[in-house]
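# Inside the fold
Residue-level listing of the chains:
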Amino acid sequence: MGLASTPTSGPAAEPAVVSAVSPNWVTTRLDFLVNWARSNSMWPMPFGTACCAIEFMATAASRYDIARFGMERMSFSPRQADVLLCAGRLPFKLAPVIRRIYDQMPQPKWVISMGACASTGGIFDNYAMVQGIDTVVPVDVYVPGCPPRPEGLLYGILLLQKKVRGETLADRSIRVEQTLDERGLRLPPERIDEISEPFGNSVHQTRSA
Amino acid sequence: MTESPAAQAGATHPSVEALREAFGDTVTRATVSCGDTIVYVDASRIRDVLAWLKDTPGQDYNYLVDITAVEYRDVERPIEVVYNLLSLERKQPLRVKAELPKDGPLEIDSVVVLWRGANWLEREVYDMFGIRFRDHPDLRRILMWETYAEGYPLRKSFPLRGRFSRSEQMRQALNANPEAHYSMEELSIAEAYHNIPADMRDRLARGERAKIPEPPSETGGE
């Protein structure tokens, strides 16, 4: 609740708008209603690039059925989507594409990174692959697995719904559009290099190997 | 290379015999590997050999299955350009290889005049190995983006994670224009140019491609 300020600061104080939406009985009730609606009718934008997309299709199909959680409506237009669901590895060639799709989605929007490759680069620690899509777009939920089973993805979706239910109108910062900086990067270069460091079995490969 | 029984069997492949008769020393050697006959020919005459194999009655290797290249770990060994041929009528495959020494220019004649399908195959070999195909109509990168400046990924001297740092790779990727990948020829709208919407015409005329940097010189082995 970073922006929460008490209404006792006087009528002349500038945060009149902020105080109007600060946590009080009305806004928390409104939060509950809005978050209930949002979390139970999230429209995913499937960005399936690899085998994770197959598991995602299984999740969407009748046996696992994400319609139970209000997600049956796949939104193939980013302009009508709430959740960007990156299912699969992301090559550098697709980095500007997923970034543009994310930029085209209206607020409120969330991102699920499905599988080891989308989250970390996975086994593809090579010249062509983005080492985790969080270097391109902000990610809310990481689902581990190679690929994750439908239960795993459903658990990730439930976690995202839980996160959405915890949001509040009083915190405007979570709805601020996160744009790329003047270099065209989402994170500082040192952070990207740090995130992309090899780990696990990849550490046995040197950069020159 | 010692002549194994399999290699002698390769020498008796009818196409190899015919090639030796027609081209003599241009055919340097022939072997059999896993049941496939491999013919090594002089790289400078590759187009003549393939044209002969394609057009000579009785040979009729009319389908070019694939063009690829091999670089071996042994730095002494030359890079091989591999042509997989197939005769559709006779159901007979043949593999032709041309060797390019690493200390010379990595250049070989294009066979697009023989098979138009060789166009993208040769572009892929150029993209991954840096082998230039003389007289190719459109020798550009095909898998990596055109502004890719880190070199040729399948060369043994290429580090697995690329030459640039991850942040630099990400900067270049995110600054790329995702809609700048198609030329007018690829879109096959050159003839319809005057009928397309004015804004699209304007974009094509302006050229949305990014500037293409000079590729690093990577002709010799390291």
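Located above this text is the structure these notes cover.
What you see is a predicted model; the values in this text were computed from it and never measured.

With that settled, the discussion passes to the interface of chain A and chain B. Accessible area lost during the coming together of the parts is what is often quoted as the interface size. Of the residues lining the interface, 30 residues belong to chain A; the matching set on chain B comes to 27 residues. Of the roughly 2400 Å² buried between chain A and chain B on both sides combined, carbon and sulfur atoms contribute 59%. The interface formed by chain A and chain B includes 2 salt bridges. Between R161 of chain B and D125 of chain A there is a salt bridge, with the nearest N and O atoms lying 2.8 Å from each other. There are 8 residue pairs in polar contact (both at pLDDT 80 or more) connecting chain A and chain B. At the level of secondary structure, the elements contributing two or more residues to the side of chain A that touches chain B comprise α4 (95-104) and α7 (189-195) of chain A. When residues in the side of chain A that touches chain B are grouped by element, the largest group, 5 residues, is from α4 of chain A.

Given two aromatic rings, their pairing is described by the distance between the two centres and the angle made by the two planes. All told, the structure shown has 4 aromatic pairs over all chains when counted by the stated rule. Ring plane angle 85 degrees and centroid distance 5.1 Å describe the contact between W145 of chain B and Y148 of chain B, whose orientation is recorded as edge-to-face. Each member of the pair, W145 of chain B together with Y148 of chain B, is buried. The ring of F32 of chain A has R29 of chain A sitting right over it, with the charged end atom 5.8 Å from the ring centre. Looking at R29 of chain B, its charged tip hangs above the ring of Y40 of chain B, at a distance of 3.8 Å from the centre.

Ranked by size, the top nonpolar core spans 68 residues in total, and within it L50, Y83 and I131 of chain B carry the most contacts. Broken down by element, the residue count for this core peaks at 5 residues, all from helix α4 (residues 118-129) of chain B. Sequence-distant contacts of L50 of chain B, that is, excluding residues within four places in its chain, are made with Y83, L85, V96, V111, L114 and W115 of chain B. Among the nonpolar cores identified, the runner-up in size contains 22 residues, and F56, L85, A87 and L153 of chain A belong to it.

Residue and element names in this part refer to chain A. Compared with the 21 Å implied by 1.5 Å per residue over 15 residues, the 21 Å span of helix α2 (residues 25-39) between its first and last C-alpha is a close match. Turning to α2, its buried residues are T27, D31, N35 and S39. Along the long axis of α2, the arc covered by the buried residues comes to 80 degrees, so they all point the same way. Residues of α2 that are exposed and point more than 90 degrees away from the buried face comprise W25, V26, F32, L33 and W36.

This next bit is on the side chain of Q59 of chain B. Along the polypeptide, Q59 of chain B turns up in the loop between α3 (46-55) and β3 (63-70). When residues no more than four places from it in sequence are discounted, the contact partners of Q59 of chain B are S15, A18, W52, L53, S87 and R90 of chain B.

Reading guide: rules and limits
Residues numbered from 1 in each chain as written. Chains lettered and ligands numbered in written order. Predicted model: local features only at pLDDT ≥ 70, side-chain atom pairs only at ≥ 80, totals over all residues. Heavy atoms only, no water. Contact = heavy atoms within 4.5 Å. Buried area = accessible area lost by both parts, 1.4 Å probe. Salt bridge = Lys/Arg side-chain N within 4 Å of Asp/Glu carboxyl O. Polar contact = N/O pair within 3.5 Å; in protein donor to acceptor, adjacent residues only side chain to side chain. Helix = DSSP H or I, 4+ residues; strand = E, 2+ residues; numbered from the N terminus. Phe/Tyr/Trp six-rings, centres within 6.5 Å; stacked < 30°, edge-to-face > 60°. Buried < 20%, exposed > 50% of the residue type's maximum accessible area, 1.4 Å probe, protein only. Lys NZ or Arg CZ within 6 Å of the ring centre and 35° of its normal. Core = buried A, V, L, I, M, F, W, Y, C linked by side-chain atoms within 4.5 Å. Expected span 1.5 Å × (residues − 1). Arc of directions from axis to C-beta.

None of this, on its own, says anything about what the molecule does.
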